[in-house]
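Overview (structure and organization)
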Amino acid sequence: MAREGLRIRAMSKSYESWGGYPRRVQKAVRLDWKDARLPVLDNGETFLPYGSGRSYGDQCLNTGGVLLDMRGLKRFVKFDTETGILVAEAGVTLAEILDITVPKGWLLPVIPGTRLITLGGAIANDVHGKNHHAKHAWGGSFGHHVRKIWLRRSDGEDMVCSPDKKPEWFAATVAGMGLTGVIVQAEIQLMPITSGSVAVRTIKQRNLEHFFDLCAEFDESHDYTVAWFDDTCMDDKVGRGIFMAGRLMNGDERGALPLRAPGGVKFAVPFSPPVAVINPLTIGGFNSAYRLLPRREHSVVPLGKFFNPLDGIGNWRGLYGPNGFVQFQCVLPKDEAASVIPALLKDAREDGHRSFLNVLKMFGERPSAGMLSFPRPGITLTLDFPFMGERTVRLLHKLEDRVIAADGALYPAKDACMRAKSFKHAYPLWQEFADFVDPAMSSDLWRRVSGLNGSSE
Amino acid sequence: MAKHKVMHGERILVIGAASAIAQEVIRTWAKQGARLFLVARDEARLKSVADDARVRGAAAVESAVLDVTEMKAQVPVLDEAWKVWDGLDGVLIAHGWLPDQGDVQDDARKVRDVIDVNATSVCEVLARISPRFEVQGRGWVAAISSVAGVRGRSSIYVYGAAKALVSHYLAGMRHRFAASTGGAVRVIDIRPGPIDTPMTAGMKMPLLADVSAVAPSIVRACARANGVVYVPGVWWAIMNILAHVPEKIWLRMKI
């Protein structure tokens, strides 16, 4: 009987990026089996694998081309509970992985802010978590714990690459934004754990200087560190907020929680309000209220809640309203951070842009596994702005210029506006990477920052 | 969704294990620790589904390649499925083929093929497993029919006719088991509305439901229903209305 071919679907399902900016109609085809043929496109049309669509900007869009919806490729292949080695198809989400592995005493060494992303997406962005700086084997970013990648090219070539076999393909594919070929499946190494909880120290952070001190203080004892700070404070109080340090508890510690599947999303923001609930007028209020809330110094937090608090609130981006929002995430060398971060916040403030979610993390010295990996030594800062049109884009360019001038970089996974020269400056291996890009693949972001595959929009 | 716990180690045979709906249901059963006997045509895809079920927690997974339209080939596979765990608690028949109506409606050979895949092969399997369940005196048998089988309409009647046949057959079996087993053997007619799967890809259909959204209803139906179950549930109301539209009006509807 007829085997289902790949059919282009008209857009009944909308394919968006997480921030809702830019919003462009996409065409998509599904890949449901790992032995299925890749789409054969004509007229120089390109395709791009699409996972959970958690990239904020245009990295997961391919306007004028086709998206390859990978979410049907969600099968596990093998999980060795003795060694913690897992093989799964690229469309499996980190949440699904954790639900299966945590009860058996295994945790992903690197967990980003959301576990609702796919395995392929985690590799394609070389995602990082709160433990990049950890000096033992389990720190670094996602690519450090990938053992093998099964890659399929548009010309039909299938390959398996690893740090030892075809290492140049491996280095191109890790953080390769999905452009080197379709990641069909991957083999990863998990980390053994004995409890389902994290011991957390929560400390009021006085300012940016204090952040550096706290990082140094907790660097050895606590693998997971992150700071959230208040953007209402300026001058010597800039960076005032909350510092969190987390340590996985041993199973025999008092108060440790049992190993349990972290579970999925609990309740959803049921609608996208027509007016942004989070806007410049309300942000100041949220920030101050958060800062003044009493905080316990020591607490025990279940894994799911510690790593991904926002996953518990489905579709939280709806709170930003219909115009969506943009994230600005950069990394700055440590000696530049103290001066550049206050300047970035001042720029935003003066331009009427307030940021609701300001996060600071420390990156360690470990060299990244991918040619275009974002993590590099320094401090990473994330700002969040409700999108207010052209003036937001202008602000982001201004911030971008400051970061590049300080020898920093922006994170493509969050980006919607970065200009080609900034990308090329921050990712000097981009040209070498371009040789590995599959001729039939492209993305809105890649066209914008590389200037290849025709002009950007 | 309330948890309907499958008895740990419940032994379930799935025919058409590579279908989109079956895969999703299998995942839930695997998580509940069921023992699964999976049957499909394509060996490689069957292995993918079986491996996935094992990792997700199935207590045991066996599989067999079978083209269910080959009548003689059914026998050894069904025998094996019954032998491996000394009986079965449930059977789900999930294979099917939705053709393009315009392509088949005037072609006798193609019509026969549609009916072979969607009805004849299903009933053959049902005929072979009925006596085993009757002797066993308990368990459940489920097959996936379709809302398309409820009333003949121009856009889909060849497929719909085959599905209507299956629904009728299941109803008869249900009636039989009510008497011979006191209702201890349940017969479930799963009647999906349009679901977003590779089978419906490229077809213009309204109200496409997500397969992961209907899977819990199907798992629940297999766990406790004895009758017709529409998934999503709203199709019960829609089809009841459509079934009762007077013929004169129906004939004028473009549907």
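Just above, that's the structure.
Residues numbered from 1 in each chain as written. Chains lettered and ligands numbered in written order. Predicted model: local features only at pLDDT ≥ 70, side-chain atom pairs only at ≥ 80, totals over all residues. Heavy atoms only, no water.

Moving on to helix α8 (residues 390-405) of chain A. Residue and element names in this part refer to chain A. Spanning 16 residues, α8 covers 23 Å between terminal C-alpha atoms, matching the ideal 22 Å at 1.5 Å per step. For α8, every residue scored as buried is listed here: Thr392, Val393, Leu395, Leu396, His397, Leu399, Glu400, Val403 and Ile404. Residues of α8 that are buried sit in contact with β17 (325-332), α7 (334-350), β19 (378-386), β20 (409-410) and α9 (420-426). Backbone geometry just downstream of α8 places Asp407 in the positive-phi region, at approximately 65°. (Helix = DSSP H or I, 4+ residues; strand = E, 2+ residues; numbered from the N terminus. Expected span 1.5 Å × (residues − 1). Buried < 20%, exposed > 50% of the residue type's maximum accessible area, 1.4 Å probe, protein only. Contact = heavy atoms within 4.5 Å.)

Glancing now at helix α5 (residues 108-136) of chain B. Residue and element names in this part refer to chain B. Between its first and last C-alpha, α5 extends 40 Å over 29 residues, near the 42 Å set by a 1.5 Å rise per residue. Asp116 marks the point of greatest bend in α5, at about 50°. Sitting at the head of α5, Asp107 places a side-chain oxygen 3.1 Å from the backbone nitrogen of Arg109. (Bend = angle between axes of the 7 residues up to and from the residue. Polar contact = N/O pair within 3.5 Å; in protein donor to acceptor, adjacent residues only side chain to side chain.)

Residues and elements named next belong to chain A. Spatial ordering of the open sheet is given by β15-β11-β13-β12-β18-β19-β17-β20, a layout of 8 strands whose pairing is antiparallel. Every other strand in the sheet has two partners, leaving β15 (298-302) and β20 as the edge strands with one partner each. Where β17 meets β20, 2 bridges bridge the pair, whose relative direction is antiparallel. Within β20, the residue paired with Val331 across the bridge is Ala409. Running over the sheet, helix α4 (residues 208-218) touches β11 (197-205), β12 (224-229), β13 (241-248), β18 (359-363) and β19 and is turned about 150° from β11. Relative to the sheet, α8 contacts β17, β19 and β20, its axis offset from that of β17 by approximately 5°. (Pairing = 2+ DSSP bridges. Axes fitted to C-alpha atoms, helices over the stretch in contact; angles between N-to-C directions.)

Let's shift gears to unusual backbone geometry. In this model, Val231 of chain B is joined to Pro232 of chain B through a cis peptide bond whose omega is -15°. Mapped onto the secondary structure, Pro232 of chain B falls in the loop between β9 (228-231) and α8 (234-244). For Asp407 of chain A, which is not glycine, the phi torsion reads 65° and is therefore positive. Within the secondary structure, Asp407 of chain A is located in the loop between α8 and β20. Non-glycine residue Asp86 of chain B carries a positive phi angle of around 65°. If you trace the backbone, Asp86 of chain B turns up in the loop between α3 (71-84) and β4 (90-93).

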